[in-house]
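# Report on the structure
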Amino acid sequence: MSILGVSEGEEKMYRHFLRNPDTSTDSIHLLVHTDPGTAKEQLDRLRELGLLRETGPDRWAATDPEAAVGRLMDMRLHDLHQELRKVTRSRHLVDSLLAERTPEAPVPLGVEQLTGLDQIRSRIDDLAFFAREEILSVEPYEALSPENIEHARPLDMRCLRRGVRIRSIVLRAALEHPPTFAYLGELASHGARIRVTDDISERILVYDRRTAVVPVNPDDTACGALLAREEGLISTIIALFERIWSQAEDLPSTSGDEELPALSDVEKRVLEAMCTVGKDEAGARSIGVSVRTYRRHVADLKHVLGASSRAQAALLARERGWI
């Protein structure tokens, strides 16, 4: 249980109470072979975590293991989420480190050709990682795969949490793909501005109004891309973006009931079980369905949320107010 924030001694005491309900705390240190001070600290910690419940005067029993582990997982995920937010806000650290670096020659202006999807993705990831002010994009996709979303999410969220402005234009058809729509809504909920349009063929990425990436052939991104830093060319690309932006419409809200995928009562209960119950068998039993049906609902919910794991699905569901 150490991965969930419970020490070895605390776990030993919790297991003792599982085996021996209604144990008196007077002599618990003798039963778990530790000193009174340590035993008191462990008891206080288990009570704080909600792993013990009082059954009588000075008598305690262990909380149900499934509920206990579910609670610990929820608390651990919350702590990790908060820690991640702190880490991604450390923009001042980059600035202070850059100030220590020996001055380098300025980045050459002009146009650079990128070949191969790996090289293109690597350069785009670097540009997004070091963006400080604004990212503009026009992306005519109709759907994002779970892999695409999983790759883009940490970079996008890092930028938004550092205060980088994101404006993005996508095809309206992308809203018909639930995971893509959910991800766009997630970005918008964190401050990104997203607009949709019925017909775009341009593919544009602009970073801090100083660097732009466009495909060599908009109809075939495998042909390579052009990375431009020339001021006049950047201005022209930004002007094209602004024209498309002015003609596009804001992303429909995903916060109202009309825009959210319709969840059945069973699906809502499955979401709650995913956050509070450890094993599928217990989750299925808690909502009165078969394990096979329960797992099918879990898979469907992960697909709708655009999540690659149950823990991520639980986090996304909480962020959207579903649970």
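Residues numbered from 1 in each chain as written. Predicted model: local features only at pLDDT ≥ 70, side-chain atom pairs only at ≥ 80, totals over all residues. Heavy atoms only, no water.

On to the packing of aromatic side chains. Inspection of every chain in the model, using the stated rule, returns 2 aromatic pairs. Here Phe-129 and Phe-130 contribute two aromatic rings whose centre-to-centre distance is 5.0 Å and whose plane-to-plane angle is 75°, an arrangement assigned as edge-to-face. Judged by its relative accessible area of 53%, Phe-130 is exposed. The interplanar angle of 25° and the centroid separation of 5.8 Å between the aromatic rings of Phe-241 and Trp-245 together place this pair among those described as stacked. Here Trp-245 and Phe-241 lie together in helix α9 (residues 231-247), a separation of 4 residues that amounts to about one turn. Phe-241 gets classed as buried once you look at its relative accessible area, which sits at 0%. With relative accessibility at 5%, the residue Trp-245 sits in the buried group. (Phe/Tyr/Trp six-rings, centres within 6.5 Å; stacked < 30°, edge-to-face > 60°. Buried < 20%, exposed > 50% of the residue type's maximum accessible area, 1.4 Å probe, protein only. Helix = DSSP H or I, 4+ residues; strand = E, 2+ residues; numbered from the N terminus.)

Side-chain pairs of opposite charge can arise where the charged atoms are in close proximity. The tally for this structure, following the rule as stated, stands at 19 salt bridges. Linking Glu-134 and Arg-209 is a salt bridge whose minimum nitrogen-to-oxygen distance equals 2.8 Å. Here Glu-134, found in strand β5 (residues 134-139), pairs with Arg-209, found in the loop between β8 (204-207) and β9 (211-215); they are 75 residues apart in sequence, far enough to count as distant. Residue Glu-242 pairs with Arg-209 through a salt bridge whose shortest N-O separation is 3.3 Å. With Glu-242 in helix α9 and Arg-209 in the loop between β8 and β9, the pair connects residues that are 33 residues apart, well separated along the chain. On the basis of relative accessibility, which here comes to 27%, the residue Glu-242 falls in the partly exposed class. In this structure, a network of salt bridges that share partners links the residues Glu-134, Arg-165, Arg-167, Arg-209 and Glu-242. (Salt bridge = Lys/Arg side-chain N within 4 Å of Asp/Glu carboxyl O.)

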